[in-house]
Structure formats: structure tokens, C-alpha cells
Amino acid sequence: MEMFVNYQSFSNSIATIGFMPPTTSTQGNLTLGVNSSGYPTVTWSTGSLVASSFITSNTWYHLALVHDASNGNTKVYINGNLEMTGYYDTNYDLRSSTVGYRFGRDNIAYNGYINEYIDDIQIWNVARNGSDIAGDMSGYSSPYPSNLKFYAKLNEGTANANNTSVSSTLVDETGNY
């Protein structure tokens, strides 16, 4: 999964991207967020990873969370550069159509939202590498790559304006959902 994010502030523990396997899975959520000091963090039910470099608020970043279901390798790229690598022990393929996704939700309470802007959400059904991620960060136009399964441009509103009248339903540009 990939997206652009711009954090306005850092709260206690936040999740920008969250995967939620069904309740039949033995693993909990896999989330990518930023901790209260601005360090990107990946968390799951049995562990976590924290990046060695921090990001700053009020700046756009491209974040990519790549999980290879065949071997459990999990990687995080920031602006196309590999930032951290770990192993997410899962018996569940996050590419499945029954997995749930969260964007911009609080990772502790699960009922709050975080203070960030999100743009260009991409969900792939392949484990992409750094050169693919870096080369494609600016987005796509139709026809879309076949492995791109969900793409929300999030450009329905007006930048830095009150967009409360804009629908909160994500529009999938690929037509897959």
C-alpha cells in the first residue's frame, strides 16, 4: 500500500495505514504510522519496528508499506527510499478481498482520527520494490497497471478549503471496487 501523507501534528500513537485481517486470523492488525516524536513506526500484534530517521510535520511524504505474503518480509519506504525492514509473521494474505483497511485512524483507541492530510492511496497485489515505488510516486492515469488493485486520487475537493460537502466515500479509479 502506498500514499502521500502530511501530518499536521503527532499524537501518542497513530496509524496512517492499517490492515485488519478478519477475526479468523491469528494475527492482529498491521499498521504504519508515526509516533509522537515523528518516527515512522510499523506495529503488529507480536512486534514493531521504528525508523531511524524522523519526519517533520506540515511536510508531504510518500509512504509505502510493502508486505510479501510468501515469506513475511515487510518493508517501509519513505519518498521511495527503503527505511525499515522486518518480518510480519502472518498466516493471512493481506491481499485478500476480505481484509479491511483503515486510513487516518487512531491506533490506540480505534475510534479517533488523526490530524493529517492523505493523498493518492494505492493498493497493490504484488510486493513492489524500491525502484518501482520511487518511479511511480507521482501517480497514474488510465489505463492503470494490472497489479494496481485500488487507487484513490482524493482530488475531489479543493486544497486547504472547507470540504465538508465532499463525499467521504473513496472513489476507486481502477474500477476494481
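Structure shown above.
Note that the structure is a prediction, hence the values are computed from the model and not measured. (Residues numbered from 1 in each chain as written. Predicted model: local features only at pLDDT ≥ 70, side-chain atom pairs only at ≥ 80, totals over all residues. Heavy atoms only, no water.)

J.: Outline the sheet that holds strand β10 (residues 116-124), listing residues and values.
T.: The sheet built from 6 strands is open, its strands ordered β8-β7-β6-β1-β10-β11 with antiparallel pairing. Two strands close off the open sheet at either side, each with one partner strand: β8 (81-87) and β11 (148-152). Ignoring which end each strand starts from, the neighbouring axes of this sheet average 20° apart. For strand β6 (residues 60-67) and strand β7 (residues 73-78), the ladder comprises 5 bridges, and the chain directions are antiparallel. Counterpart to A64 in the pairing with β7 is Y77. (Pairing = 2+ DSSP bridges. Helix = DSSP H or I, 4+ residues; strand = E, 2+ residues; numbered from the N terminus. Axes fitted to C-alpha atoms, helices over the stretch in contact; angles between N-to-C directions.)

J.: Hey, could you go over the pairing of β10 for me, with residue numbers and the actual values?
T.: Relative to β10, strand β1 (residues 2-7) is paired through 5 bridges, and the arrangement is antiparallel. Along β10, the bridge assignment pairs V5 with I118. With 4 bridges connecting them, β10 and β11 associate as antiparallel partners. Pairing of I123 across the sheet is with F150, part of β11.

J.: Kindly report on the side chain of T41, identifying the contributing residues and their values.
T.: Mapped onto the elements of the fold, T41 is located in strand β4 (residues 40-44). On the accessibility criterion, T41 (13% relative accessible area) is buried. In this view, T41 contacts T31, L32, G33, V34, N35, L49, V50 and M84; residues no more than four positions away in its chain are not counted. (Buried < 20%, exposed > 50% of the residue type's maximum accessible area, 1.4 Å probe, protein only. Contact = heavy atoms within 4.5 Å.)

J.: Help me get a handle on the environment of S52, residues and values and all.
T.: Within the secondary structure, S52 is located in the loop between β5 (47-50) and β6. The sequence separation of S52 and E83 amounts to 31 residues, and the corresponding C-alpha distance is 7.7 Å.

J.: Would you mind going over unusual backbone geometry in detail, with residue names and values included?
T.: Of note in the backbone geometry, N79 takes a positive phi value of approximately 50° without being a glycine. Tracing the backbone through its elements, the reader meets N79 in the loop between β7 and β8. Unusually for a residue other than glycine, D120 sits at a positive phi of about 50°.

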